[in-house]
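Here's the letter readout for the chains.
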Amino acid sequence: MPKDNADEKGGIGAATTRREDFRFLTGAGQYTDDITLQGQTHAVFARSDVANGVIKSIDTSTAMGMPGVLAIFTGEDFVDVGGNPAGWLINSRDGEPMKEPKRPVLAHGKVRHVGDAYAAVIAETKQQAQDAVEAIEADIEELPAVIDMASAVAGGGLVHDEIETNVCFDWGWIEDNRAATDAAIKAAPHVTTLELVNNRLVPNAMEPRASIADYNAGTDEYTLYTTSQNPHLTRLLISAFVLGIPENKLRVVAPDVGGGFGSKIYHYGEEALVLAAAKKLKRPVKWTASRSEAFLTDAHGRDHVTKIELACEKDGTFIAFRTETMANVGAYLSNFSTATPTFLHGTLMAGNYTVPNVYVNVKAVFTNTAPVDAYRGAGRPEATYSIERVIDMCARELGIDPIELRRKNFVKPDQYPFASAAGLEYDSGNYDAQMDKLEALIDRDGFAARRAESEKNGKLRGLGVNAYIEACGIAPSNLVGILGSRVGLYDAATVRVNATGNLSVMVGAHSHGQGHETAFPQVVADMLGVDPASIDIVHGDTAKIPFGMGTYGSRSLAVCGSAVVRATEKIIAKAKKIAAHMLEAAEGDIELSDGQFSVAGTDKSVSFGEVALKAYIPHQFPIEDIEPGLEETAFYDPANFTYPSGAYACEVEVDPETGKVTVERFAAADDFGNIINPMIVTGQVHGGLGQGIGQALIEQTAYDESGQLLSASYMDYAMPRADDLPFYQVDHSDGTPCTHNPLGVKGCGEAGAIGSPPTVVNAVVDAIQSGGMDVTHVDMPLTPARVWNAMQG
Amino acid sequence: MYEFDLTRPTTIADAVAALNEEDAQALGGGQTLIPTMKQRLAMPSKLVSLGAIPEMKGVCMSDAGEVCIGGATPHAVVSAEATAFPGLADLAGQIGDPAVRNRGTIGGSLANNDPSACYPAAALAAGATIVTNSREIAADDFFEGMFETSLEEGEIITEVRFPVPEVSHYEKFLQPASRFALVGVMVAKFADGVRVAVTGASENGVFRWKEAEQALSANFSADAVSDLALSGDEMISDLHGSGEYRAHLVNVMTGRAVKAAS
Ligand SMILES: Cc1cc2nc3c(=O)[nH]c(=O)nc-3n(C[C@H](O)[C@H](O)[C@H](O)COP(=O)(O)OP(=O)(O)OC[C@H]3O[C@@H](n4cnc5c(N)ncnc54)[C@H](O)[C@@H]3O)c2cc1C
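Residues numbered from 1 in each chain as written. Chains lettered and ligands numbered in written order. Predicted model: local features only at pLDDT ≥ 70, side-chain atom pairs only at ≥ 80, totals over all residues.

Trainee: How should I be thinking about the site of the ligand in this particular structure?
Mentor: Residue and element names in this part refer to chain B. Looking at the ligand, there are 31 residues lining it, with Gly28, Gly29, Gly104, Gly107 and Gly108 nearest. Listed by contribution, the elements that provide at least two residues to the shell around the ligand are β2 (24-27), α5 (98-103) and α6 (106-112). Residue contributions to the shell around the ligand peak at five residues, all from α6. When grouped by side-chain class, the residues that make up the shell around the ligand number 14 nonpolar, 14 polar and three charged. Inspection of the shell around the ligand shows a minimum of three residues originating in each of domain 1 (5-49) and domain 2 (56-162). (Near = placed C-beta within 6 Å. Helix = DSSP H or I, 4+ residues; strand = E, 2+ residues; numbered from the N terminus. Nonpolar A, V, L, I, M, F, W, Y, C, P; charged D, E, K, R; others polar. Domains from an automatic or database assignment.)

See the structure below:
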């Protein structure tokens, strides 16, 4: 699809620099905490310092009398309002629906994790609110904490007494395939078994969560400014479930948002609290999380413990994958926490392979830890990690080259559409072609020489490879509805051509680092033949945009971008009618090219701008046939998921004396289908790789037995820095277009974080084994201490 | 943070007087103290900034050939100007990031005596003299365990004097998150023997590894220490590494420091 002159015109395929970066880099961004409203007050939360405890009493009398204090809320104030719901209903293998304990605005009766908010003070200044929080006397009787998943399942204490178990659900996918998979594994000539941990991650968006609520007593309208990836979803949750504010009385604005990575998809209790407080006080109420609050209360990611088995023939032909996983959901169900370890994970368990049998069992487990939910990749990194680690181990056991073993089992280009054994229908791909590209990018032939060089310097060098597939562009509402989703997953766009010919495009997707303000105009400009600079994207404000489902799951371009295309097609159709009238020609004879409407085979034409003007100044206008104005809305609901895929490789050096791993080379060959802006795509891949390498090597979330978060600051939680990362070789050219959306795009936001962790771990195991040590697996993160320990045997 | 007053005296005498007030505390670069205050873990009523006292800033040579560093000198200045003691300049350049090095001071670092901090290793390995407003303290008598020193209430470090070794090197193994020393070893070879100071590792804070000193004084080569073993028993054990791992790293880092210094 990229056109030869794309860069010149800034249309589809142009590597246009991101226009939004100017305001971000010059400090002109407008984030939630930058907003100050007239008469604003400040909220500060009292948070539990124990992981599990009974709230015996909360005495706020002293605090209430302190300077500047306006109101204090406790869980008692919210007993009559709804709970924050789970967006996806999962049924257990026995048909029982999952357990859904209520997630209250403020803890009531019990606190369930360190950081659980049980009270909030509203005061004139933040300082005063902090002082008053310290004066709240809470009598909380500490109970033994339930931290480790295995013991949580085995019994012991309960996180939620009323559900009488810590197991939220025990899910099988696909239950009908279970017997066949068990039988196939039993009869298989070779079975590789691996137990692994997919480590818990703290999202660490650069901007912590923040919210300001404003209440207009004259109109009974609320405005909530908040750090959200999906303002309409947040509004829906608050209106329909939590506070019952009518949707048409609640405006949710997500202004510039400094990163989300999933953690800002969800509605959190702090948003409901500031809304309730703003109404009570009739003054705006602001809350901004500290970094410590972010560590303790943002929804964390991953946290799976998995046993995976790969059964195959002696020649390496795959027969079956079977997994048993415990997925930590933390103390409460966050909005997508039940979908992430199930449908975003189990359905990907066939990987890129023609394996005939797949069975996945997932137990979701409540613990006294922060809630866990979707984090960049969401379920798919967990699937890829399990599959690609066990394949690597299997290749070593069978003495087959790991690349050859993968190739042997790849779905081949002539097999699409391909029905995977895990229940998805892959529409397009070419995994061998990506692997070819990868081998060249990483210079596989040069590896032996580089390894010899490393060994000369006393280092062990390893090469790791990986192939991944993900299901993105979520998703077909009809399908996800059958699977238990309680929401639709379409998106929407309104294209408004203004009278003077420039355009405003209102989109349901939200941009918090993805570059929509640059990429979406490229699509519209390309279709209309106008200058992209004449097109502005409007997003993040429910008062301005059509009802969209926001940004996550690498869906913005595939789903919302497709809605933009559909709306623009409607604009073109109507504009052609107007042009036909202006040119006194038949509508069918009008052609649009380079921003000019012309009559086929003649030199008669009018410009896009002239048509726009006519639409809004409809003099001599066929008002009986055509409405004035030029504005169209489209909702787009995809026919299938999209299936980005790729092959990654990396080379690491391991220092045998210290266990320190350095990533020396990293190559990523991705298939994202068609590419709208290759520079933005490269940036998205780089970001994902940074997060994935961070997970593989240094990011460690540790709770102690009593439920204290040991890694609750940057002193102990390692975020990847530039010098932890290598220069990347990234190639996403010549993708296989998605077959079912109008742009042929697949989504690129999560790929890097999905494909890189197993690549790194495979490389480290390769390096260690090259030193003659019998190490078959090391759990992430591969910190120096862990790698050294593993090497000690 | 709680509210506090700030004063910026320009002489040591005024600073000492200001510190006599109840709950007053010295402020160096604030790189440790300010984050602690932000988390409301410290609540001094008054901060006495040492950053405006000219006699406490800068690097110079004493007549005895020591490198003398004012107590309020930031790490970046030491890194750039302590050229007479390259091992020390190099160590200062490895502390934190540029912002930390431009603000944080040697006096603050030594007074704080974080068990993972870098300067304590330099002071102990070089046998430095810590000069305060009231006395001179030998490095060997200064460090008294994690976050503990022999400083009295209100006493401030005005200068640190480092004898210059023939050769020296600081080998730092980074804790992946904080990038303080998971283990850091400073080796300093003087005419009358070798001193080895270890930071990051011990539950008792920075310490001299006497066994290695003896071995290296006899034979200044990495081989001389390769067979020495430390016990992991009193070493720090946390999510970044066990005591056993740290003990092992002390050995590796010492060998590397010697190699780099020779
Ligand atoms: C991101 C980051 C990374 C860091 N990395 C490292 C590292 O790799 N290695 C390392 O060693 N350190 C590191 N540090 C700590 C840094 O070196 C600090 O500068 C140092 O620990 C404290 O020095 P300061 O001048 O900032 O002291 P302050 O924070 O101002 O004070 C610390 C304490 O010392 C007292 N004090 C200050 N000056 C004096 C004085 N002259 N006499 C007596 N008492 C005094 C104060 O009252 C306070 O109790 C890091 C810090 C940060 C924030």
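Trainee: What is the right way to look at the pairing of strand β6 (residues 137-142) of chain A in this model?
Mentor: All names here are of chain A. Of all six residues in β6, zero are buried, a share of ten percent or less. Note: strand β2 (residues 53-59) against β6, six bridges, orientation antiparallel. Across the sheet, residue aspartate 59 finds its bridge partner in β6, namely glutamate 137. (Buried ≥ 20, exposed ≤ 12 C-beta atoms within 10 Å, placed from the backbone. Pairing = 2+ DSSP bridges.)

Trainee: I'm lost on the domain arrangement of chain A in this one. Help?
Mentor: By a frequent convention, interface size equals the accessible area lost on bringing the separate parts together. Residues and elements named next belong to chain A. When the domains of chain A are assigned, the result is domain 1 (9-14 + 490-636), domain 2 (32-38 + 205-297) and domain 3 (430-470 + 641-793). Computed over C-alpha atoms only, the centres of domain 1 and domain 3 are separated by 40 Å. For the side of domain 1 that touches domain 3, the secondary-structure elements that each account for two or more residues are α15 (516-528) and α16 (556-583). Here the side of domain 1 that touches domain 3 takes five residues from α16, the largest share from any one element. A class-by-class count of the residues in the side of domain 1 that touches domain 3 yields seven nonpolar, eight polar and one charged.

Trainee: Help me understand α15(A), please; the structure alone is not making it clear to me.
Mentor: Since the α-helix turns once every 3.6 residues, residues separated by three or four places project in the same direction. Residues and elements named next belong to chain A. If you check α15, its first and last C-alpha atoms are 18 Å apart, about what 13 residues at 1.5 Å a residue would give, namely 18 Å. In terms of burial, α15 is a largely internal element, twelve of the 13 residues being buried. Within the sequence span of α15, burial applies to His516, Glu517, Thr518, Ala519, Phe520, Pro521, Gln522, Val523, Val524, Ala525, Asp526 and Leu528. Once α15 ends, the next one or two residues include glycine 529, with phi positive near 75 degrees. (Expected span 1.5 Å × (residues − 1).)

Trainee: Would you mind showing me how to read the pairing of strand β13 (residues 304-312) of chain A here?
Mentor: Along any regular strand the residues' side chains alternate between the sheet's two faces. All names here are of chain A. Direction of pairing for strand β8 (residues 190-198) relative to β13: antiparallel, over a ladder of nine bridges. By the bridge assignment for β13, threonine 193 is matched with glutamate 309. Pairing geometry for β13 and strand β14 (residues 318-330), over nine bridges, is antiparallel. When the bridges of β14 are listed, glutamate 309 appears paired with arginine 322. Adjacent in sequence and paired antiparallel, β13 and β14 are bridged by five residues, among which glycine 316 carries a positive phi angle near 95 degrees.

Trainee: Looking at this structure, I do not really get the interface of chain B and chain A. What am I missing?
Mentor: Listed as interface residues are eleven residues of chain B and, on the opposing side, 15 residues of chain A. The element best represented in the side of chain B that touches chain A is helix α11 (residues 243-261) of chain B, accounting for three residues. (Contact = placed C-beta atoms within 7 Å.)

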